[in-house]
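Chains, contacts and geometry: an overview
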Amino acid sequence: MFKRLLLLVCLLCGINIASEAQKYRTAAGVRIESDRFGVTLQQKLHEQGTLEAIATVGSRDYSVTGLYEWHFPLLGKRFNYYLGAGAHIGNLKDRGVFTGGDVILGVEYKVNGLPFLLSADVKPAFHINHDDWIQLSSGISVRYVLIKEKKEKKSIWPFGNKNNKKKQEEKPGIFDIFKKQDN
């Protein structure tokens, strides 16, 4: 099942690469893995990048992960795929503190008309000072949009933004070499 989903995501990665992949600024929610439960917080940094923090609790350990993710639209601005990398730190029941690195690949859907994000991902990780030195986890997340993306106000002026006219007049043109210089 996940091999087919991963293949589909990889194929679509090459088809559509554009900007403005997200419709939110900040979102928080829950993450469910096969043997763990956690909370997740995403903060948009720029048009295609987010910073995500994940705190998970399992039967043998608990950990906190920080990830930087790049988002790319698949079918419009509401449905996108993302990939990223980061690191984690946690505590294993019998061994104590462990650390490691993570990568993530997933798909995300912003529900139209509702402030919810649904996502599914695969997150392989390697550990230092842990019983399992490599772990492949997959999870689903449901997030609530705390801060929406700001919308640009539409102007009644039909020929572009009036404020841009002043900026365009200040830019030098090709015929400015013939103008008299003030020195």
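Before reading on, note that the structure itself is shown above.
Described below are features of the structure shown in this document. In this text, all values refer to a predicted model and were calculated from it rather than measured experimentally.

1. Description of the overall build of the protein
- In terms of helices and strands, the protein carries two helices and eight strands.
- Sequence-ordered secondary structure for the protein, helices as α and strands as β, is α-β-β-β-β-β-β-β-β-α.
- A total of 183 residues make up the protein; the buried ones form 33% of that total.
- Taking all contacts inside the protein whose residues are at least 6 apart in sequence as the whole, residues at least 24 apart take part in 49%.

2. Section: the packing of aromatic side chains
- Applying the stated criterion across every chain yields a total of four aromatic pairs.
- An angle of 80° between the planes, with centres 4.8 Å apart, marks the rings of tyrosine 68 and tryptophan 70 as edge-to-face.

3. A word on the pattern of salt bridges
- Within this structure, the stated rule accounts for eleven salt bridges.
- When the shortest N-O distance is used, the salt bridge between glutamate 33 and arginine 31 registers 2.9 Å. Take glutamate 33 and arginine 31: they sit in the same class, and that class is buried.
- The residue aspartate 61 makes a salt bridge to arginine 36 at a minimum N-O spacing of 3.0 Å. With aspartate 61 in strand β4 (residues 61-73) and arginine 36 in strand β2 (residues 36-46), this pair connects stretches of sequence that are 25 residues apart.
- Owing to a relative accessible area of 7%, aspartate 61 belongs among the buried residues under this scheme.

4. A word on unusual backbone geometry
- Non-glycine residue asparagine 129 carries a positive phi angle of around 65°.
- Note that asparagine 129 resides in the loop between β7 (116-128) and β8 (134-148).
- Judged by its relative accessible area of 36%, asparagine 129 is partly exposed.

5. Focus on the side chain of threonine 40
- Considering the arrangement of structural elements, one finds threonine 40 in strand β2.
- Classification of threonine 40 by relative accessible area gives buried; the value is 4%.
- Here glutamate 52 takes part through its side chain, which lies 2.5 Å from a polar atom of the side chain of threonine 40.
- Discounting residues that sit within four places of it in the chain, threonine 40 has contacts with Ala27, Ala28, Gly29, Val30, Glu52, Ala53, Ile54, Ser141 and Arg143.

Conventions and cut-offs
Residues numbered from 1 in each chain as written. Predicted model: local features only at pLDDT ≥ 70, side-chain atom pairs only at ≥ 80, totals over all residues. Heavy atoms only, no water. Helix = DSSP H or I, 4+ residues; strand = E, 2+ residues; numbered from the N terminus. Buried < 20%, exposed > 50% of the residue type's maximum accessible area, 1.4 Å probe, protein only. Contact = heavy atoms within 4.5 Å. Phe/Tyr/Trp six-rings, centres within 6.5 Å; stacked < 30°, edge-to-face > 60°. Salt bridge = Lys/Arg side-chain N within 4 Å of Asp/Glu carboxyl O. Polar contact = N/O pair within 3.5 Å; in protein donor to acceptor, adjacent residues only side chain to side chain.

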